[in-house]
Amino acid sequence: MDSLRIDCDSCAVRGTGCDGCVISVLMGSRPEEEPVVLDDDERRALTALAGHGLLPPLRMAPRRESAG
């Protein structure tokens, strides 16, 4: 089973995207200590709920490493 590690400190839209992210909604704020880890079933459930407008989507956008 695969898992998705959500590390808000490495998110490219951290700050501006937090209010519309499912992680902030479920946790009340962005996680301060440890990254959130979702397994496949949890990820599918959140995707289904977001697809029906019941929760916002996951807005995690990994930062790109700058070349150079």
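Overview of the structure.

What counts and how
Residues numbered from 1 in each chain as written. Predicted model: local features only at pLDDT ≥ 70, side-chain atom pairs only at ≥ 80, totals over all residues. Heavy atoms only, no water. Core = buried A, V, L, I, M, F, W, Y, C linked by side-chain atoms within 4.5 Å. Buried < 20%, exposed > 50% of the residue type's maximum accessible area, 1.4 Å probe, protein only. Helix = DSSP H or I, 4+ residues; strand = E, 2+ residues; numbered from the N terminus. Contact = heavy atoms within 4.5 Å. Salt bridge = Lys/Arg side-chain N within 4 Å of Asp/Glu carboxyl O.

1. Quick look at the nonpolar core
- Membership of the largest hydrophobic core is limited to eight residues, which are Ile6, Cys21, Val22, Ile23, Val36, Leu38, Leu46 and Leu55.
- Contributing elements (two or more residues each) for this core: helix H1 (22-27) and strand E2 (36-39).
- Not counting residues up to four positions away in its chain, the partners in contact with Leu38 are Asp2, Ser3, Leu4, Ile6, Arg43 and Leu46.

2. Concerning the pattern of salt bridges
- Under the counting rule described, the total for this entry stands at four salt bridges.
- For Arg5, the salt bridge identified is with Asp7, shortest N-O distance 3.8 Å.
- Looking at Arg5, the relative accessible area reads 54%, which means it is exposed.
- Residues Asp40 and Arg43 are paired through a salt bridge, measuring 2.6 Å at the closest nitrogen-oxygen approach. Pair noted here: Asp40 and Arg43 are both in helix H2 (residues 40-51), with a separation of three residues, about one helical turn.
- What makes Arg43 partly exposed here is its relative accessible area of 30%.

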